[in-house]
Amino acid sequence: DPAQRRLRELTALSKRLQQVHPNVLAKVLKQGVLYQNEDIVAINKPYGIPVHGGPGIKNCIADVLPILAKMLENMKAEPFHLCHRLDKETTGVMVLARNKEVADRIRLLFKTRQVEKIYWAISLGDPDPTEGIVEIPIVEKEVQSHQSHYKMTLAPNYRLSPEDGKVVKIRKNRNAETAVTRYRRLAASSACSLLELQPITGVKHQIRVHLAYGLGCPILGDHKYSHWSKLAPQKLPAITLKRLKLEQSKARHLPLHLHAHRLSLPLGQRIDLTCKPPHFFQNTLTKLELDIANE
């Protein structure tokens with residue numbers, strides 16, 4: 001089956017990229033350069049590559065920044081600096097700074113919410129309403145199950161009183177972080193939606209948590225946040241499986257469909273950086289008939 005073959009190829013490719021020689025990964029990043037000037041280099045982050053290293057990670061973007069700098073500049077170039085991070089499975093616009101001063105400036109812009117970030121995601125289901133703002137704090141919790149693990153989850157400031165159904169303010173969780181996500185539906189078809197998302201804050205896994213637990217529309221391929229109590233493959237509607245030519249038993253191979261589509265940086269003049277979604281994302285849009293010709 002071509003759809004399942006493509007999924008297997010994508011999984012294999014992201015595994016291979018983590019095993020290749022760092023020079024090869026740097027070359028892939030060099031081919032994905034979207035923009036550069038004397039201060040920054042913007043790259044298209046590939047699927048499945050972590051930004052930082054950790055146990056069992058052979059290759060990550062941070063490790064190949066010295067090689068990338070030499071490839072783009074010269075052999076004496078100082079390494080590029082990370083200004084922000086994207087999840088391992090997220091693709092799209094990522095900004096690197098050519099020196100530490102610029103990196104510090106850009107990190108401050110992110111911290112003070114002056115960078116406009118626009119993501120695209122394919123979600124299961126249709127958010128109701130189709131446009132709005134999710135403003136629910138997020139906290140990390142341990143999930144007690146046969147396979148204990150940690151997840152980010154919602155820590156609402158309000159709940160409904162069981163006695164009379166009235167809205168009651170509850171004591172704020174000290175560890176919870178303020179999280180605000182603006183969303184807008186661009187298209188809907190095949191029991192899925194294409195959403196444009198603007199995270200106003202930058203909490204870990206914010207978009208994924210707000211969509212899955214706040215709107216009840218988990219991102220396609222998000223096997224971590226499609227259930228609360230377990231880690232299990234996402235359950236897909238019959239129409240979605242049919243359009244993707246996929247069996248439910250193979251759903252676990254579906255990649256996360258979350259893409260950093262645009263970044264707008266106020267560095268002197270405003271720099272707008274845009275990046276097309278990867279091929280697998282575009283193929284899914286076509287198969288699900290999520291038409292964004294008007295965008």
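Residues numbered from 1 in each chain as written. Predicted model: local features only at pLDDT ≥ 70, side-chain atom pairs only at ≥ 80, totals over all residues. Heavy atoms only, no water.

## Describing the packing of aromatic side chains
Selection criterion: Here a pair means two rings of Phe, Tyr or Trp (six-membered ring of Trp) with centres within 6.5 Å. Their orientation is stacked below 30 degrees between planes, edge-to-face above 60, and tilted elsewhere. A run of H or I in DSSP becomes a helix once it reaches four residues, and a run of E becomes a strand once it reaches two; helices and strands are each numbered from the N terminus. Buried means the residue's accessible area, taken with a 1.4 Å probe over protein chains only, is under 20% of the maximum for its type, while exposed means over 50%, and partly exposed covers the values in between.
What the rule picks out here adds up to two aromatic pairs. Relative to Y225, the ring of Y213 lies with its centre 6.0 Å away and its plane at 75 degrees, an arrangement referred to as edge-to-face. Taken together, the residues Y213 in helix α5 (residues 206-214) and Y225 in the loop between α5 and α6 (238-244) connect sequence positions 12 residues apart. The class for Y213 is partly exposed, based on a relative accessible area of 23%.

## A short note on the side chain of Q206
Stated precisely, the cut-off is as follows: In this description, contact between two residues means that some pair of their heavy atoms is separated by no more than 4.5 Å.
With respect to the element layout, Q206 can be found in helix α5. Excluding anything up to four places from it in sequence, Q206 contacts I138, A179, V180, T181, P199, I200 and T201.

## Describing the nonpolar core
To be explicit about the condition: Take the buried Ala, Val, Leu, Ile, Met, Phe, Trp, Tyr and Cys residues and link them wherever side-chain atoms come within 4.5 Å; each set so joined is a nonpolar core. Domain delimitation in this document rests on an assignment produced automatically or drawn from a domain database.
By size, the foremost hydrophobic cluster in this structure holds 33 residues, and its most contacted members are L197 and L211. The biggest single contributor to this core is helix α3 (residues 61-72), with five residues. Here this core gathers at least three residues from each of two domains, domain 1 (1-112) and domain 2 (116-265). Apart from the residues within four sequence positions on either side, L211 is in contact with A121, L195, L197, G216, C217, P218 and I219. Of all hydrophobic cores here, the second largest spans 23 residues; its members include W120, L186, F280 and L285.

## Some words on the domain arrangement of the protein
Where we set the bar: In this description, buried area is defined as the sum, over both parts, of the accessible area (probe of 1.4 Å) that is lost when the two are combined.
Domain annotation of the protein identifies domain 1 (1-112) and domain 2 (116-265). Relative to domain 2, the C-alpha centre of domain 1 lies at a distance of 25 Å. Listed per partner, the contact involves 20 residues of domain 1 and 20 residues of domain 2. Note on domain 1 versus domain 2: buried area summed over both sides is about 1600 Å², and carbon and sulfur give 65% of it.

## Re the pairing of strand β5 (residues 116-124)
To be explicit about the condition: In short, DSSP must find at least two bridges between two strands for them to pair.
Among the nine residues that make up β5, eight are buried, leaving the element largely enclosed by the rest of the structure. Here six bridges tie β5 to strand β13 (residues 258-267), and the two strands are oriented antiparallel to one another. Across the sheet, the residue bridging to W120 is H259, located in β13.

## Considering the pattern of salt bridges
Note the cut-off: Every case where a carboxyl oxygen of Asp or Glu lies within 4 Å of a side-chain nitrogen of Lys or Arg is listed as a salt bridge.
Scanning the entire structure with this criterion turns up 11 salt bridges. A salt bridge links E116 to R262; its shortest N-O distance comes to 2.6 Å. Taken as a pair, E116 in strand β5 and R262 in strand β13 lie far apart in primary sequence, 146 residues in all. The partner of D222 in a salt bridge is R208, with the nearest N and O atoms 2.9 Å apart. Separated by 14 residues along the polypeptide, D222 in the loop between α5 and α6 and R208 in helix α5 bring together distant segments of the chain.

## A short note on the pairing of strand β1 (residues 33-36)
Bridge count for β1 against strand β2 (residues 40-45) is three bridges, and the pairing is antiparallel. Looking across to β2, one finds that V33 is bridged to I43. Following β1, the chain reverses through three residues before pairing antiparallel with β2.

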